[in-house]
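Below are the chains, spelled out letter by letter.
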2 protein chains.
Amino acid sequence: MSLTISIDAMGGDIGPEVTIPASLDCLKDSAELKLILVGDETVIQQHLSQFSVDYQDRLVIRHTSQRVEMDESPAKALKNKKDSSMRVAINLVHEGVADACVSAGNTGALMATARFVLKMIPGVDRPAIISILPSTFGHTHVLDLGANVDCTAEHLFQFAVMGAELVKAVDNIENPKVGLLNIGEEDVKGNEQVKAAAKLLENSHLNYIGYVEGNSLNAGTIKVDLIVADGFVGNVALKSIEGAAKMISTALKTAFSKNLLTKLVGLIAYPVLKSFKDRIDPRLYNGASFLGLRGLVIKSHGGADILAFKTAIKLAEIEVEKDVIRKISEQIEKTLALRNIA
Amino acid sequence: MSLTISIDAMGGDIGPEVTIPASLDCLKDSAELKLILVGDETVIQQHLSQFSVDYQDRLVIRHTSQRVEMDESPAKALKNKKDSSMRVAINLVHEGVADACVSAGNTGALMATARFVLKMIPGVDRPAIISILPSTFGHTHVLDLGANVDCTAEHLFQFAVMGAELVKAVDNIENPKVGLLNIGEEDVKGNEQVKAAAKLLENSHLNYIGYVEGNSLNAGTIKVDLIVADGFVGNVALKSIEGAAKMISTALKTAFSKNLLTKLVGLIAYPVLKSFKDRIDPRLYNGASFLGLRGLVIKSHGGADILAFKTAIKLAEIEVEKDVIRKISEQIEKTLALRNIA
């Protein structure tokens, strides 16, 4: 089975310098993969010419004249950037030319454009952003990471239904454990939306395990496969974790670079520190999927390097192979039908 | 100036085994300090007898017959545990016998009891919980950490006013930088409460610097002295950081204990790893203050060890010395008066 992914080659803080080598690496790793590099043809050709590799049969350039800026408002991007690398990469998914699209561009613009072009899955009220975090148990999926700021219980419930289908497909597990992010595990804890969402989840087909607290994202007491949150809370949690990791890594670097002796110790400890770093390297967890749309869009971190962007492309490959969008659509339809019967 | 602190000696996951040695350590460190150990006299005497130190003039035991359990409901604790170590420790503050109270007990019960016994500062709608987090810039204060789950803009504004007074006093700075926790730094980002709170803060006496994201709690791009959030969001962020730190420390330990060689490297690197660990040791940041009440209550982490509980007592000492409650009351009164004029 061949699969085609459109790459927003101009997106991200760095752009083609990252997106193109990452794309070539992915083509090398997977013989089934076809990529469409969307962006300024001259710039793309320039970058490609730096590599001797040849994937002409599996690599297509689609020229576009515009680029969505990292700080551009979603409304302006949608209105004025119809020939941007971002927009055209999404159009290719809509037209069925590509099976998925990967972009490191501005999240707001990417979500607005994806929603406008691809439309929502019938029955889903709002799209959500889902990503993977490393945890002491392996990893955890979490959504919503910022697409929505005021979620009702029904929204949270739909996020859980969509997220669980993605986890089932991507992690190859039958019945993923679903937790609801809250400020305590007792029934009385939380705000009204969370309490009402808990009731919906308890009465659903999902393997709902109850409330989980913020520490469960990385290091809870039991393994949770999927954690559901309002986008405001999910986004703050994700960025809080990023900040904590950055502070800890800065403190570690500072300790080892204090003087000649500590630097020497650092050299000796390097292989161990490297294996530690690799275990929780955020680049190996890069790539957030937009759920609820009739097409697959993967958002890479804006500051992604080659390895990180490659991870996002590989996530797109897996989700295409596992037919995640179709599975989500079918599950949403099934859930709605059950509700209409009840 | 002598100062007196009441200690809920029975509170916390561990209880007197932690609270008593920590108390004795603090008495040793500060000749001005008087402590009232509140709890079961026999148990307290038993623990005290293990130490040869003698602070009879500065150490008093106040016997109580009950203990609030760590999972007891706030309502039940309030109704049925009138002779608990927690309740009596707070009563002593209310009666003016103690200047502050420190407890590692159940947060919900402690807040409900403190609010019931001490009452609110006039003009403050809701109490909030504030704590200190290490950051790449030194440290950051953050509130609310979970006392409130649905905050209006006015609540967030009051948290900022109270928090800023505490930061001014404790950190000895004139005009602390206040940030509002949000999911982006642009004006359009956030939910309605946050946007409305931003307007109130812009028009206030506070040194409001705008929206900050989750990473600013530990490692933002600029120093922020105080970060204000809804209690739901603040609590999830705090616990997410705890989880991230735990995962990273587990990964570090795993890397160094993989085999004999890595263990040897770990021995060599021990002093460096120790200095790194000390920099971000959460025990050195233990102690959350309840703001908005007419008396000082410090909540220690339930699982605190001796060093952590000592940190919480020392925080109480500082806040008493700096007269934080009076300063907050005066600032709230001033802010209300300004508003009535306007």
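Residues numbered from 1 in each chain as written. Chains lettered and ligands numbered in written order. Predicted model: local features only at pLDDT ≥ 70, side-chain atom pairs only at ≥ 80, totals over all residues. Heavy atoms only, no water.

The name an unreviewed UniProt entry assigns to chain A is Phosphate acyltransferase, from the organism Crenothrix polyspora. Taken directly from UniProt, the Catalytic activity (unreviewed entry) text for chain A runs: "a fatty acyl-[ACP] + phosphate = an acyl phosphate + holo-[ACP]". (UniProt positions renumbered as here; feature names shortened; annotations may be inferred.)

Peer 1: I tried to follow the overall build of chain A on my own but got confused; where do I start?
Peer 2: Regarding its fold elements, chain A presents 12 helices and 11 strands. Considering only residue pairs separated by 6 or more positions, chain A has 72% of its internal contacts joining residues 24 or more positions apart. For chain A, the exposed area adds up to about 14,300 Å²; of that, 54% sits on carbon and sulfur atoms. (Helix = DSSP H or I, 4+ residues; strand = E, 2+ residues; numbered from the N terminus. Contact = heavy atoms within 4.5 Å. Areas by Shrake-Rupley, 256 points an atom, 1.4 Å probe, with all protein chains shown as cover.)

Peer 1: Can you walk me through the pattern of salt bridges in this structure?
Peer 2: With the rule as written, the count across this model stands at 28 salt bridges over all chains. Close ionic contact of R326(B) with D323(B) constitutes a salt bridge, the shortest N to O distance being 2.6 Å. Exposure remark for R326(B): the relative accessible area of 39% places this residue in the partly exposed category. The exposure class assigned to D323(B) is partly exposed, which follows from its relative accessible area of 32%. Salt bridges linked by common partners bring D25(A), D29(A), K310(A) and K314(A) together as one network. (Salt bridge = Lys/Arg side-chain N within 4 Å of Asp/Glu carboxyl O. Buried < 20%, exposed > 50% of the residue type's maximum accessible area, 1.4 Å probe, protein only.)

Peer 1: What's the story with the side chain of T311(A) in this structure? I'm lost.
Peer 2: Residue and element names in this part refer to chain A. Along the chain, T311 turns up in helix α11 (residues 306-321). A distance of 2.9 Å separates a polar atom in the side chain of T311 from the backbone oxygen of L307. What T311 contacts, discounting residues up to four positions off in sequence, is R283, L284, Y285 and N286. (Polar contact = N/O pair within 3.5 Å; in protein donor to acceptor, adjacent residues only side chain to side chain.)

Peer 1: Which parts of the structure should I look at to understand the sheet that holds strand β8 (residues 207-212) of chain A?
Peer 2: Hydrogen bonding along the main chain pairs the strands of a sheet, whether they run parallel or antiparallel. Residue and element names in this part refer to chain A. Pairing in this open sheet of 11 strands is mixed, and the strands run β3-β2-β1-β4-β11-β10-β5-β6-β9-β7-β8 from one edge to the other. Bordering the open sheet on either side are β3 (59-63) and β8, each of which pairs with just one other strand. Mean inter-strand twist for the sheet, computed between neighbouring axes without regard to direction, equals 25°. Sheet topology note: the strand β5 (residues 128-135)/strand β10 (residues 288-291) ladder contains 3 bridges and is antiparallel. Within the sheet, the bridge partner assigned to A128 lies in β10 and is L291. Docked against the sheet, helix α5 (residues 107-118) engages β4 (100-103), β5, β10 and β11 (296-299), running at close to 180° with respect to β11. Lying on the sheet, helix α6 (residues 153-171) is in contact with β5, β6 (138-143), β7 (177-181), β9 (226-228) and β10; it crosses β9 at an angle near 165°. (Pairing = 2+ DSSP bridges. Axes fitted to C-alpha atoms, helices over the stretch in contact; angles between N-to-C directions.)

Peer 1: Explain the relation of the copies chain A and chain B here, please?
Peer 2: The two chain copies are related to each other by a rotation about an axis together with a translation along it. Mapping chain A onto chain B leaves a residual RMSD of 0.0 Å; the transformation is a rotation of 180° accompanied by 0.0 Å of translation along its axis. Taken together, the rotation and translation relating the two chain copies correspond to the operation of a two-fold axis. Of the interface residues in chain A, 100% have counterparts in chain B that sit at the interface too, so the contact is made through matching surfaces. (Least-squares fit on C-alpha atoms with pLDDT ≥ 70 in both.)

Peer 1: Where do I start with the sheet that holds strand β2 (residues 33-39) of chain B in this structure?
Peer 2: Residues and elements named next belong to chain B. The sheet built from 11 strands is open, its strands ordered β3-β2-β1-β4-β11-β10-β5-β6-β9-β7-β8 with mixed pairing. Taken across any chain shown, the strands that pair with only one partner, and hence form the sheet edges, are β3 (59-63) and β8 (207-212). If you compare each strand with its neighbour and ignore which way they point, the axes differ by 25° on average. In the sheet, strand β7 (residues 177-181) pairs with strand β9 (residues 226-228) via 3 bridges, with the strands oriented parallel. Of the residues in β9, the one forming a bridge with V178 is L226. The strands that helix α1 (residues 16-29) touches are β1 (3-8), β2 and β3; relative to β2, the one it contacts most, it runs at about 165°. Each of β5 (128-135), β6 (138-143), β7, β9 and β10 (288-291) is contacted by helix α6 (residues 153-171), which is oriented at about 165° to β9, the strand it contacts most.

Peer 1: Would you mind going over the interface of chain A and chain B with me for this structure?
Peer 2: Bring the parts together and some accessible area is lost; that lost area is often taken as the interface size. On the side of chain B, 51 residues touch chain A, which itself brings 51 residues to the contact. Summed over both sides, the interface between chain A and chain B buries roughly 4,200 Å², with carbon and sulfur atoms accounting for 79% of that surface. For the chain A face of the interface with chain B, the top three residues by lost area are I183(A), F232(A) and M247(A), together amounting to 16%. One can count 2 salt bridges joining chain A with chain B. Between K239(A) and E213(B) there is a salt bridge; the shortest N-O distance is 2.2 Å. Applying the counting criterion to the chain A and chain B interface returns 6 residue pairs in polar contact (both at pLDDT 80 or more). Listing elements by their share of the side of chain A that touches chain B, those giving two or more residues are β5, α7 (192-202), α8 (216-219), α9 (231-256) and α10 (260-280) of chain A. Looking at the side of chain A that touches chain B element by element, the count peaks at 20 residues for α9(A). (Buried area = accessible area lost by both parts, 1.4 Å probe.)

Peer 1: I keep staring at a nonpolar patch on the surface and nothing clicks. Help me out?
Peer 2: On the surface, L261(A), L264(A), L267(A), I268(A), L261(B), L264(B), L267(B) and I268(B) cluster together to form a nonpolar patch covering roughly 830 Å² of accessible area. One can find L267(A) in helix α10. (Patch = residues over 30% accessible without salt bridge, like charges linked within 9 Å, V, L, I, M, F, W, Y side chains within 5 Å.)

Peer 1: Just checking my understanding: could you explain the domain arrangement of chain A for this structure?
Peer 2: Residues and elements named next belong to chain A. Looking at the assigned domains, one finds that chain A contains domain 1 (1-124 + 292-323) and domain 2 (125-282). For domain 1 versus domain 2, the distance between C-alpha centres works out to 26 Å. Counting from both sides, the interface comprises 14 residues of domain 1 and, opposite them, 15 residues of domain 2. Buried surface at the junction of domain 1 and domain 2, summed over both partners, amounts to about 1,000 Å²; 67% is from carbon and sulfur atoms. Contact with domain 2 buries surface across domain 1, with M111, V124 and K322 losing the most and accounting together for 44% of the total. At the junction of domain 1 and domain 2, the tally comes to 0 salt bridges. Linking domain 1 with domain 2 are 2 residue pairs in polar contact (both at pLDDT 80 or more). (Domains from an automatic or database assignment.)

Peer 1: What exactly am I supposed to notice about the packing of aromatic side chains here?
Peer 2: Aromatic ring pairs are described here by two measures, namely the spacing of the ring centres and the angle between the planes. Evaluation of the coordinates by the stated rule reveals 0 aromatic pairs over all chains. One residue, K119(A), lies across the ring of F116(A), its end atom 4.9 Å from the ring centre. (Phe/Tyr/Trp six-rings, centres within 6.5 Å; stacked < 30°, edge-to-face > 60°. Lys NZ or Arg CZ within 6 Å of the ring centre and 35° of its normal.)

Peer 1: Help me out: how do you make sense of helix α5 (residues 107-118) of chain B in this one?
Peer 2: Because each turn of an α-helix spans 3.6 residues, side chains separated by three or four positions in sequence point in the same direction. Residue and element names in this part refer to chain B. Here α5 spans 16 Å end to end across 12 residues, near enough to the 16 Å set by a 1.5 Å rise per residue. Along α5, the residues classified as buried are A109, L110, M111, T113, A114, V117 and L118. Its buried side turned inward, α5 meets α3 (74-80), α4 (85-94), β4 (100-103), β5, β10 and β11 (296-299). Sitting at the amino-terminal end of α5 is N106, which places a side-chain oxygen 3.1 Å from the backbone nitrogen of G108. (Expected span 1.5 Å × (residues − 1).)

Peer 1: What is the right way to read helix α7 (residues 192-202) of chain B from this model?
Peer 2: Of the positions making up α7(B), those classed as buried are V194(B), A197(B), A198(B) and L201(B). One face of α7(B) carries all of its buried residues, which in axial projection span an arc of 110°. The outward face of α7(B), more than 90 degrees from its buried face, is lined by the exposed residues E192(B) and K199(B). Buried residues belonging to α7(B) abut α9 of chain A together with α6, β7 and β8 of chain B. (Arc of directions from axis to C-beta.)

Peer 1: What's the story with the nonpolar core in this structure? I'm lost.
Peer 2: In globular proteins that are soluble, nonpolar side chains generally tend to be buried together. Counting residues in each nonpolar core, the largest one holds 148 residues, and the members touching the most others are L180(A), V228(A), L180(B) and V228(B). Residue contacts for L180(B): discarding those within four places in its chain leaves V194(B), A197(B), A198(B), L201(B), Y208(B), G210(B), Y211(B), V212(B) and V228(B). Counting 34 residues, the second largest nonpolar core, distinct from the first, contains L35(A), L59(A), Y285(A) and I313(A). (Core = buried A, V, L, I, M, F, W, Y, C linked by side-chain atoms within 4.5 Å.)

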